[in-house]
Amino acid sequence: MPAGMKPLEKFLKKQSSALTRPGGFGDKATGGGAARRRSSLSRVVPFFRESSPESGPARELFSPDTEEAPCWELRSPSLSSDEQSSEGSSEAQWSPVPADTPENLVVALLESLAGGRRLGGCTETLLDDFMLTHPIFLAPDKFQRILLQQFGVEGKQREAWPSWDGVERKQAVFSVAFRYLDTYRELLQEEGERSNSFAKELYLHAAQELNQYPELVEDVLKLQRWTEILQSHSEEDKDVKKKQVRPLFRHFRRIDSCLQPREAFRGSDEIFCRVYMPDHSYVTIRSRLSCRVGEILALVQEKLQYSEEQPSRPGTLILVAVTSSGEKAVFRPSDEAVFTTLGVNTHLFACEPHELDTLLPLPEEVHWSPGDSKLHDMSAEEVANQLVSFDWELFSCVHEVEFVCYVFHGEQARWRPLNLELVLQRCSEVQHWVATEILQCQSLPKRVQLLRKFIKMAALCKQQQDLLSFLALVLGLDNPAVSRLRLTWEGLPGKFKKQFQQFEAIADPSRNHKSYRELIAGLRPPLIPFTPLLLKDLTFLHESCKSFYGELVNFEKMHKVAEMVRSIRRYRNTPLALDAEPSPSHLQTKAYVRQLQVIDNQNLLFEMSCKLEPKEA
């Protein structure tokens, strides 16, 4: 990384410097999937630092010698002291929940809902906390079994558990089940019969008890509708997916597809992807997004067998990701969903192990040709509107639980953060797009015009509360290869220089991103936050204190995690409406913004910069 690169840019180097799953380019994969994902977060999340030996290990939150595990008061890394006090006043009724085992926490939740002992008078908050964070400490399958057991379906209650029975307990189970189905609806529909079996089993046993508990009629009918929803979606989805293959960002380009509104990606979605050989020839495969690497290689072998142009490869193949700078990462056969982890200009290669050192980036990723930018013929307003619109589509596709899965589980998560990874990729793409457009422009006056246009676009994105593209544009202009262009920046009018300095102040990471946090605190939904900073805050919370001590769950930590996830929910609880009227070139601009051509090799960008304005002696 060139000297002078600002800390916030480290995140945006993620895709071109390291792939998260294998544990970094050039390194052998070590440890479990969750451990590799946590170690990669120091590269993914800006300003995150791993705990050092000097700082000591994560503090123990309570002693096993105490009779009762105390409740913990955790301070959110995302809030200043003033904001902490205001947050405390808004949750004056919330009482910390004592540490307990996952099973006992479920029982305590049901007891609270059944009208028994109220935990701090915040049953709704407790229920939401549990729904958003239970994958951290309780596997969904086990959670479902506990609910069935508490409904009286399976086995007998343990002596240590509450002995309350009757309609209140069963209604409490229904309340938790309905919230679970509502929160995870899209993810459960993706799993098909595996998840629908829980709703069916609960429905069948509840229907048998209607004679004894007629008060459950409405709940049983509601549960019946849920089983129909899950079942019908599963059948419709199968029919649609037989006909439809969906494109990712850059791995398969189709103009008609990129103009369609983005929908959330699921693991069973099928995509087209090119897999290259060492000689840069390629085969195009059709694969599920969640496909294992071993299955991808089998598809490649099958294509090679029936190809007249490609020679078959009798040896064992490995799958390798090669970046535009030549860095390589070898995937394991068991790795899943590798497509969304690829960087902006990272490509998949299949080769035999002895050919690994011969793999080179594609020629178009290494060589560049100067030329005028298409941006000269587009208005800043229309491009900014398209940036905001696309960012909103991508951000809206991210399920709340993807943030939790990305930080806490990584590869081991039941639900993979596919859409969140695409948002992070987009952030990197926009940053490198700014540098690419400026450095490919040979004319000094036109470069100055591009600077003005990008600053104006950043202002428009900020005005429309798209902080993702706003900061990505600012970081692109702050790229060392761009910021060193003294003659170009000197040609910028003073008004734009002053405006850009204000934008740089918002991107300043000092005092825990105080300027950015003050900006976002004054905005009302809908808005698009700078997603990497949300991950940084979640990671800080995750690493600063333990989730467990023995078998006991630190539920106060879970409450703070849920608070951060609820902030994401608030950001998009109102639909985004753009007032701009489409121009005749609307579709052309839309296609351009959604298929940006970028150079993400920092060394190549620096080389281009030095050719435009050579270093002074």
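Computed from a prediction, not measured in an experiment: that's the story for all the values here.

Undergrad: Break down the overall build of the protein chain for me, with residues and values.
TA: Scanning the protein chain from N- to C-terminus turns up 27 helices and seven strands. Split into buried and exposed, the 617 residues of the protein chain put 56% on the buried side. In the protein chain, once contacts between residues fewer than 6 apart in sequence are set aside, the share between residues at least 24 apart is 75%. Surface accessibility of the protein chain: about 27200 Å² in total, with carbon and sulfur atoms responsible for 49%.

Undergrad: Which residues make up the packing of helix 5 (residues 102-113) against helix 7 (residues 140-151), and what values go with them?
TA: Packing of helix 5 against helix 7 leaves a shortest axis separation of 11 Å and a crossing angle of 50°. When the axes of helix 5 and helix 7 are compared, the pair comes out oblique. Seen along the crossing, helix 5 lies across helix 7 with a hand that is right-handed. Residues Glu103, Val106, Val107 and Leu110 of helix 5 form the contact with helix 7, whose own contacting residues are Lys142, Phe143, Ile146, Leu147 and Gln150.

Undergrad: Please give an account of the environment of Cys427 that cites residues and values.
TA: When you line up the elements, Cys427 lands in helix 17 (residues 418-439). Linking Cys427 and Ala472, residues 45 residues apart in sequence, is a C-alpha distance of 5.9 Å.

Undergrad: With reference to specific residues and values, describe the pairing of strand 1 (residues 270-276).
TA: Bridge count for strand 1 against strand 2 (residues 282-288) is seven bridges, and the pairing is antiparallel. Each bridged residue has a counterpart across the sheet, and for Ile271 the counterpart in strand 2 is Ser287. A loop of five residues connects strand 1 with strand 2, the two strands running antiparallel in sequence, and His280 in this loop sits at a positive phi of about 75°.

Undergrad: I'd like a description of the pairing of strand 5 (residues 347-351), backed by residues and values.
TA: Among the five residues of strand 5, five are classified as buried, and the element is accordingly described as predominantly covered. A two-sided burial pattern is seen for strand 5, the buried positions comprising His347, Phe349 and Cys351 on one face and Leu348 and Ala350 on the other.

Undergrad: Account for the sheet that holds strand 4 (residues 328-330), with residues named and values stated.
TA: The sheet built from five strands is open, its strands ordered 2-1-5-3-4 with mixed pairing. Each edge of the sheet is formed by a strand with only one pairing partner; in this case those strands are strand 2 and strand 4. Direction aside, the axes of adjacent strands within the sheet are offset by 35° on average. One ladder, built from two bridges, connects strand 1 with strand 5; its direction is parallel. Directly across from Tyr276, in strand 5, lies its bridge partner Phe349.

Undergrad: So what's going on with the packing of aromatic side chains? Which residues, and what values?
TA: Enumeration according to the criterion identifies 17 aromatic pairs in this entry. Ring geometry for Trp433 against Tyr592: centres 6.3 Å apart, planes inclined by 65°, an arrangement best described as edge-to-face. A residue pair is termed long-range when its members are at least 10 positions apart, and Trp433 in helix 17 and Tyr592 in helix 26 (residues 586-594) qualify at 159 residues. Residue Trp433 is classed as buried on the basis of its relative accessible area, which comes to 0%. Site record: aromatic cluster; members linked through ring pairs are Phe130, Phe137, Phe143, Tyr180, Tyr184, Phe198, Trp415 and Phe555.

Undergrad: Describe helix 8 (residues 167-183), and please don't skip the residues or the numbers.
TA: With 17 residues, helix 8 should reach 24 Å at 1.5 Å per residue; the first-to-last C-alpha distance of 24 Å fits that figure. Burial within helix 8 is extensive, with 13 of its 17 residues counted as buried.

Undergrad: How would you sum up the environment of Asp335? Please name residues and give values.
TA: With respect to the helices and strands, the residue Asp335 is situated in the loop between strand 4 and strand 5. Owing to a relative accessible area of 3%, Asp335 belongs among the buried residues under this scheme. Sequence separation between Asp335 and Gly294 is 41 residues; the distance between their C-alpha atoms is 8.1 Å. Among the polar contacts made by the side chain of Asp335, one reaches the side chain of Arg332 at a distance of 2.7 Å.

Undergrad: Could you give me a rundown of the nonpolar core, with the residues and numbers involved?
TA: The biggest cluster of nonpolar side chains holds 133 residues, and the ones touching the most others in it are Phe130, Trp433, Phe454 and Leu473. Among the elements that take part in this core, helix 17 stands out by supplying ten residues, more than any other.

Undergrad: Provide a residue-level description of the pattern of salt bridges, including the pertinent values.
TA: With the rule as written, the count across this model stands at 23 salt bridges. Its salt-bridge partner being Arg179, residue Asp128 comes within 3.5 Å of it at the nearest N-O pair. One end of the pair, Asp128, is in helix 6 (residues 123-137); the other, Arg179, is in helix 8, with 51 residues separating them in the sequence. Among the residues examined, Asp128 registers a relative accessible area of 6% and is labelled buried. For Lys611, the salt bridge identified is with Glu607, shortest N-O distance 3.6 Å. One end of the pair, Lys611, and the other, Glu607, are both in helix 27 (residues 602-612), four residues apart, so they sit about a helical turn from each other.

Undergrad: Summarise unusual backbone geometry; cite the residues concerned and give the values.
TA: In terms of backbone geometry, most residues other than glycine have negative phi values and most peptide bonds are trans. Note that the residue after Pro525, namely Pro526, is joined by a cis bond; omega there is 5°. The residue Pro526 is located in the loop between helix 23 (510-521) and helix 24 (531-544) in this model. Phi at Gln465 takes a positive value of approximately 65°, unusual for a residue other than glycine. With respect to the helices and strands, the residue Gln465 is situated in the loop between helix 18 (444-463) and helix 19 (467-477). For Gln465, a relative accessible area of 16% gives the class buried. The backbone of Arg511 sits at a positive phi, close to 55°, despite the residue not being glycine. Inspection of the secondary structure puts Arg511 in helix 23. On the basis of relative accessibility, which here comes to 67%, the residue Arg511 falls in the exposed class.

Undergrad: So what's going on with helix 16 (residues 400-408)? Which residues, and what values?
TA: Of all the nine residues making up helix 16, nine are buried; the element is thus mostly covered by neighbouring parts of the structure. Within the sequence span of helix 16, burial applies to Glu400, Val401, Glu402, Phe403, Val404, Cys405, Tyr406, Val407 and Phe408.

Undergrad: Pulling in residues and values, what's your account of the packing of helix 19 against helix 22 (residues 494-507)?
TA: At a closest axis distance of 10 Å, the pairing of helix 19 and helix 22 adopts a crossing angle of 110°. In terms of orientation, helix 19 and helix 22 fall into the roughly perpendicular class. Helix-helix and strand crossings are classified by hand; for helix 19 and helix 22 the assignment is left-handed. Counting all contacts with helix 19, which are made through Phe470, Leu471, Val474 and Leu477, the residues of helix 22 involved are Phe500, Phe503, Glu504, Ile506 and Ala507. When its residues are assigned to classes, the contact of helix 19 with helix 22 shows eight nonpolar, no polar and one charged.

Undergrad: Account for the confidence of the model for the protein chain, with residues named and values stated.
TA: Residue-level pLDDT values for the protein chain average 79, and 74% of them are 70 or greater. Confidence drops under a pLDDT of 50 for residues 1-92, and excluding neighbours within four residues, the segment shows 201 contacts in the predicted structure. Scored below 50 in pLDDT, residues 154-163 makes 18 contacts in the model with residues more than four places away or belonging to other chains.

Conventions used here
- Residues numbered from 1 in each chain as written.
- Predicted model: local features only at pLDDT ≥ 70, side-chain atom pairs only at ≥ 80, totals over all residues.
- Heavy atoms only, no water.
- Helix = DSSP H or I, 4+ residues; strand = E, 2+ residues; numbered from the N terminus.
- Buried < 20%, exposed > 50% of the residue type's maximum accessible area, 1.4 Å probe, protein only.
- Contact = heavy atoms within 4.5 Å.
- Areas by Shrake-Rupley, 256 points an atom, 1.4 Å probe, with all protein chains shown as cover.
- Axes fitted to C-alpha atoms, helices over the stretch in contact; angles between N-to-C directions.
- Parallel < 35°, antiparallel > 145°, perpendicular 65-115°, else oblique.
- Left-handed = near helix turned anticlockwise from the far one by under 90°.
- Pairing = 2+ DSSP bridges.
- Phe/Tyr/Trp six-rings, centres within 6.5 Å; stacked < 30°, edge-to-face > 60°.
- Expected span 1.5 Å × (residues − 1).
- Polar contact = N/O pair within 3.5 Å; in protein donor to acceptor, adjacent residues only side chain to side chain.
- Core = buried A, V, L, I, M, F, W, Y, C linked by side-chain atoms within 4.5 Å.
- Salt bridge = Lys/Arg side-chain N within 4 Å of Asp/Glu carboxyl O.
- Nonpolar A, V, L, I, M, F, W, Y, C, P; charged D, E, K, R; others polar.
- pLDDT = per-residue confidence, 0-100.

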